[in-house]
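# Examining the three-dimensional arrangement
The lines below spell out each chain.
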Amino acid sequence: MNSERRSADRYCFNLDLQPKGELTLLFGEQIFEVWKLVNISPFGTGLSIGEPITTGSKVTLRYRYGDDEVKTFGTVAWSEAENSKEEGGGFRIGVYFHKDKTALNVALFKRLTDPYLKIG
């Protein structure tokens, strides 16, 4: 069983409520499709991709939907193989967003969660 590694509360997604649009993780010249957005807050995210990324790596998380694009910057806090029983396989990573990019972090969080958090 994994110990809790988050430093802040997150909005958790399930497989039936994945964001519309294109969510990608950029690492250097590599672009990874995000298979699954597990959770997100204005402070960080947990997600699944096809390959591992070394802890401490600087990454960019980019979301595109129609003409809208927002991206923010973070650092990989941890990376490990997915549980083989989980949908998608691949690798689960945790990314903490850079504190000096708060406006971008909040913008990304709002774009990804607004469709699910709106009431009435």
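In what follows, the structure referred to is the one given above.
Structure report, in brief. (Residues numbered from 1 in each chain as written. Predicted model: local features only at pLDDT ≥ 70, side-chain atom pairs only at ≥ 80, totals over all residues. Heavy atoms only, no water.)

Counted according to the given criterion, the structure contains five salt bridges. Two residues, Glu22 and Arg64, come together in a salt bridge whose shortest N-O distance is 3.8 Å. With Glu22 in strand S2 (residues 22–27) and Arg64 in strand S6 (residues 58–65), this residue pair connects regions lying 42 residues apart in the sequence. Accessibility expressed as a relative area gives 38% for Glu22, which makes it partly exposed. Among the ionic pairs, Glu82 bridges to Lys36, the shortest N-O distance being 4.0 Å. (Salt bridge = Lys/Arg side-chain N within 4 Å of Asp/Glu carboxyl O. Helix = DSSP H or I, 4+ residues; strand = E, 2+ residues; numbered from the N terminus. Buried < 20%, exposed > 50% of the residue type's maximum accessible area, 1.4 Å probe, protein only.)

All right, on to the environment of Glu80 then. Considering the arrangement of structural elements, one finds Glu80 in strand S7 (residues 68–81). The class for Glu80 is partly exposed, based on a relative accessible area of 26%. Sequence spacing of Glu80 and Pro52 is 28 residues, and the spatial spacing of their C-alpha atoms is 6.9 Å.

The next subject is the pairing of strand S4 (residues 36–41). Burial runs high along S4: six of the six residues are buried. Of the pairings in the sheet, the one linking S4 to strand S5 (residues 44–49) comprises five bridges and is antiparallel in character. In the strand pairing of S5, Asn39 is matched with Gly46. Between the end of S4 and the start of S5, which pair antiparallel, lie two residues. (Pairing = 2+ DSSP bridges.)

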